[in-house]
Amino acid sequence: RNIFERRGELALLRAVGFRRATLAWLVMLENAALLIAGLGIGAIAAAVALVPHLRGGAQASIPWQSMAAMLGTVLLVGLAVGTIAVRSVLAVPVLDALRHE
């Protein structure tokens, strides 16, 4: 959603000389940083929530592999969706994007 809201900004940057590949790289880097930060904060919150369970001496096993797989899947899907959004926004002609601002 954020990329679609920034269509005009990206079109202006293209109009002043930024290449599409450079803009795509910058937007994807920003998207990846936000995604990794969100996943990291969520993982830390989940680990804190597990502390009482682990301290209580419970012998229940924690599925570390499936949790890591889920985090990896969320990261890959987030990056894939970000790539699709960036490509679709950067495919819009510069003049059309600037006119809608």
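Asks: Even after reading the chapter, I still don't get the overall build of the chain, so can you show me in this structure?
Replies: Regarding its fold elements, the chain presents five helices and zero strands. Its helices and strands taken in sequence order, the chain reads α-α-α-α-α from the N to the C terminus. Taken over C-alpha atoms, the radius of gyration comes to 20 Å for the chain, far larger than the 13 Å a tight globule of 101 residues would show. Seen through its C-alpha atoms, the chain measures out along the principal axes to roughly 65 × 20 × 20 Å. Looking at the chain as a whole, 20% of its 101 residues qualify as buried. Sequence separation of 24 or more characterises 85% of the internal contacts of the chain that already satisfy a separation of 6 or more.

Asks: Any chance you could explain the environment of Ala45 here in plain terms?
Replies: Here Ala45 shows up in helix H3 (residues 20-55). Along the sequence, Ala45 and Val77 sit 32 residues apart, while their C-alpha atoms lie 21 Å from each other.

Asks: Just checking my understanding: could you explain the confidence of the model for the chain for this structure?
Replies: Interpreting fine coordinate detail is not advised for predicted regions of low pLDDT. On average, residues of the chain carry a pLDDT of 86, and 95% of them reach 70 or more. At the level of individual helices and strands, the chain shows its lowest average pLDDT in helix H5 (residues 94-99), which scores 74, and its highest in helix H4 (residues 64-90), which scores 91.

Asks: What am I meant to see in the nonpolar core here?
Replies: One recurring pattern in soluble globular proteins is that nonpolar side chains are buried together. Residues Ile3, Leu10, Leu23, Ala24, Val27, Met28, Ala85, Val86, Val89 and Leu90 constitute the largest nonpolar core, which totals 10 residues. Elements that contribute at least two residues to this core include exactly H3 and H4. Excluding anything up to four places from it in sequence, Ala85 contacts Ile3 and Phe4.

Asks: Would you explain the pattern of salt bridges in this entry?
Replies: A side chain with one charge may pair with a side chain of the opposite charge, provided their charged atoms come close. For the structure on display, the rule yields two salt bridges. Note that Arg6 is salt-bridged to Glu9, the shortest N-O span being 3.5 Å. Using a relative accessible area of 18% as the deciding quantity, one classes Arg6 as buried. If you follow the salt bridges from partner to partner, you end up with Arg6, Glu9 and Glu30 in one network.

Asks: Can you help me understand H3 in this one?
Replies: Given 3.6 residues to a turn, an α-helix orients residues that are three or four positions apart in the same direction. Taking 1.5 Å of rise per residue, the 36 residues of H3 would be expected to cover 52 Å, and the 52 Å separating its terminal C-alpha atoms lies within 8% of that figure. Along H3, the helix axis deviates most sharply at Ala49, where the bend reaches about 30 degrees; the proline Pro52 sits within four residues downstream. Listed in full, the buried residues belonging to H3 are Leu23, Ala24, Val27, Met28, Ala32, Leu35 and Leu39. Tucked inside the fold, the buried residues of H3 contact helix H1 (2-5), helix H2 (7-15) and H4. The first or second residue beyond H3 is Gly57, which carries a positive phi of 80 degrees.

Asks: Please clarify how H2 should be interpreted in this entry.
Replies: Regarding H2, the residues found buried are Gly8, Leu10, Ala11 and Arg14. Taken around the axis of H2, the buried residues stretch over an arc of 165 degrees, which confines them to a single face. Backbone geometry just after H2 places Gly17 at a positive phi near 120 degrees.

Rules used throughout
Residues numbered from 1 in each chain as written. Predicted model: local features only at pLDDT ≥ 70, side-chain atom pairs only at ≥ 80, totals over all residues. Heavy atoms only, no water. Helix = DSSP H or I, 4+ residues; strand = E, 2+ residues; numbered from the N terminus. Rg over C-alpha atoms; globule rule 2.2 N^0.38 Å. Buried < 20%, exposed > 50% of the residue type's maximum accessible area, 1.4 Å probe, protein only. Contact = heavy atoms within 4.5 Å. pLDDT = per-residue confidence, 0-100. Core = buried A, V, L, I, M, F, W, Y, C linked by side-chain atoms within 4.5 Å. Salt bridge = Lys/Arg side-chain N within 4 Å of Asp/Glu carboxyl O. Expected span 1.5 Å × (residues − 1). Bend = angle between axes of the 7 residues up to and from the residue. Arc of directions from axis to C-beta.

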